[in-house]
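A closer look at the structure
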Amino acid sequence: DEARPAKGLTVTITAGPTREPLDPVRYLSNHSSGKMGYALAEAAAALGATVHLISGPVSLATPSGVNRLDVTSANEMAEAAYRLAAQSDVFIGCAAVADYRAANVSEHKIKKTANSDELKLTLVKNPDIIAEVAKHRAGALRPFMVGFAAETRDVEAYARDKLTRKGLDMIVANDVSLAGLGFGADHNAALLLWPSADEAGQALGRRALPAQSKATLATAILDCLLERLEQADAT
Ligand code: PMT
């Protein structure tokens, strides 16, 4: 019999970009392809977990056995995340959520003006989905919270800060400035960090995963995650 360490677990994963509309024909977004999040969903389902995949607009097939929910904007993703997190054991935020959206979405197409070379957009902050889930679901209903950190410099320092500030149980840091890895690529490398429960209280657990396919990396991330989860359950 094959080991099914995730059997009985419900895992919610966000993946892909969000799109923040400016007018009926334009939006702000980013280069996330969804590949990393979909690889995690596929790997978790293969381990026997019940998987909910909250997906931004991507052009990927739904991995078999995965429950996919399509969303467009950060606000839509937030709504789905808050609902599904309440029934999940693990929440993984792999989506590249837009930090800001247009303060006002124009009802009609924004017209080019003849008398000015500048167009000013006012943006307002989107909800920090993963931080909200980590905060509001404290107690028995709070899932084990895993975030990602996409950084272009000082990867470990920024990731440590996000781990603490967002109140997460684990963070998967990736350097998105490296050629052939990160956004849109088929390969990725990651540094996993988690608060360690040892005597010092301050020390962080740490595991570096070298560049490899997103499929094998996803399995390695889940392996570490399930180990942490087991430890958390044991304490
Ligand atoms: O999709 P791919 O092309 O495969 O690329 C994969 C990836 C590079 C997008 C992925 O590996 C990754 O790093 N995802 C997180 C991207 C990101 O937006 O990171 P961040 O450092 O800005 O956000 C930190 C964490 O907070 C993330 O878990 C993010 O999902 C979450 N967040 C951020 C902003 C926000 N408003 N709400 C959030 O929940």
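Keep in mind that what you see is a predicted model, and the values were worked out from it rather than measured.

Within the protein, the regular secondary structure consists of 5 helices and 12 strands. Considering only C-alpha atoms, the protein reaches an extent of 70 × 40 × 40 Å along its principal axes. Out of the 235 residues in the protein, the part that is buried amounts to 38%. The long-range share in the protein, meaning contacts at least 24 apart out of those at least 6 apart in sequence, stands at 65%.

Before going further, it helps to spend a moment on the UniProt feature "binding site: CTP" (unreviewed entry) in the protein. Listed under "binding site: CTP" (unreviewed entry) in the UniProt record, and renumbered for this structure, are Gly 93, Cys 94, Ala 95, Asp 99, Lys 109, Pro 127, Asp 128, Ile 129, Ile 130, Phe 148, Lys 162 and Lys 166. An extended arrangement is adopted by the annotated residues: their sequence extent is 74 residues, and the largest C-alpha distance between any two is 37.1 Å. In this structure, Asp 128 sits in the loop between strand E8 (123-125) and helix H3 (129-136). In this structure, Ile 130 sits in helix H3.

In this section: the nonpolar core. Counting residues in each nonpolar core, the largest one holds 59 residues, and the members touching the most others are Leu 40, Ala 44 and Val 146. If you tally residues by element for this core, the top one is helix H1 (residues 35-46), at 7 residues. Look past the residues within four positions of Ala 44 in its chain and what remains in contact with it is Ala 6, Val 11, Ala 49, Val 51 and Leu 222.

Take the sheet that holds strand E9 (residues 144-151) next. The strand order across the open sheet built from 8 strands is E5-E4-E1-E6-E9-E10-E11-E12, with neighbouring strands paired in mixed fashion. A single partner strand is all that each edge strand has here, and the edge strands are strand E5 (66-70) and strand E12 (204-213). Ignoring which end each strand starts from, the neighbouring axes of this sheet average 15° apart. Each of strand E1 (10-15), strand E4 (50-55), E5, strand E6 (90-93) and strand E11 (187-195) is contacted by H1, which is oriented at about 165° to E1, the strand it contacts most. Relative to the sheet, helix H5 (residues 214-234) contacts E6, E9, strand E10 (170-175), E11 and E12, its axis offset from that of E12 by approximately 160°.

Time to look at the environment of Ala 78. Of note, Ala 78 is situated in helix H2 (residues 74-85). Separated by 51 residues in sequence, Ala 78 and Ile 129 have C-alpha atoms that sit 5.5 Å apart.

Now for the packing of H2 against H3. Think of two packed helices as two axes; the pair is described by the angle between the axes and how far apart they sit. Remark: H2 packs on H3, axes separated minimally by 10 Å, with the N-to-C direction vectors making an angle of 30°. When the axes of H2 and H3 are compared, the pair comes out roughly parallel. Note that H2 runs across H3; the crossing there is right-handed. Seen from H2, the contacting residues are Met 77, Ala 78, Ala 81, Tyr 82 and Ala 85; seen from H3, they are Ile 129, Glu 132 and Val 133. Within the contact of H2 with H3, the residues separate by chemical class into 7 nonpolar, no polar and 1 charged.

With respect to spatial proximity, 28 residues lie near the ligand, and among them Ser 33, Lys 35, Gly 93, Ile 129 and Ala 150 are the closest. Where the shell around the ligand is concerned, the elements lending two or more residues are H1, H3 and E9. The leading source of residues in the shell around the ligand is E9, at 4 residues.

Right, let's get into the environment of Thr 219. Tracing the chain through its elements places Thr 219 in helix H5. Taking the C-alpha atoms as reference points, Thr 219 and Leu 40, separated by 179 residues in sequence, lie 7.1 Å from one another.

Calculation notes
Residues numbered from 1 in each chain as written. Predicted model: local features only at pLDDT ≥ 70, side-chain atom pairs only at ≥ 80, totals over all residues. Helix = DSSP H or I, 4+ residues; strand = E, 2+ residues; numbered from the N terminus. Buried ≥ 20, exposed ≤ 12 C-beta atoms within 10 Å, placed from the backbone. Contact = placed C-beta atoms within 7 Å. UniProt positions renumbered as here; feature names shortened; annotations may be inferred. Core = buried A, V, L, I, M, F, W, Y, C linked by C-beta atoms within 7 Å. Pairing = 2+ DSSP bridges. Axes fitted to C-alpha atoms, helices over the stretch in contact; angles between N-to-C directions. Parallel < 35°, antiparallel > 145°, perpendicular 65-115°, else oblique. Left-handed = near helix turned anticlockwise from the far one by under 90°. Nonpolar A, V, L, I, M, F, W, Y, C, P; charged D, E, K, R; others polar. Near = placed C-beta within 6 Å.

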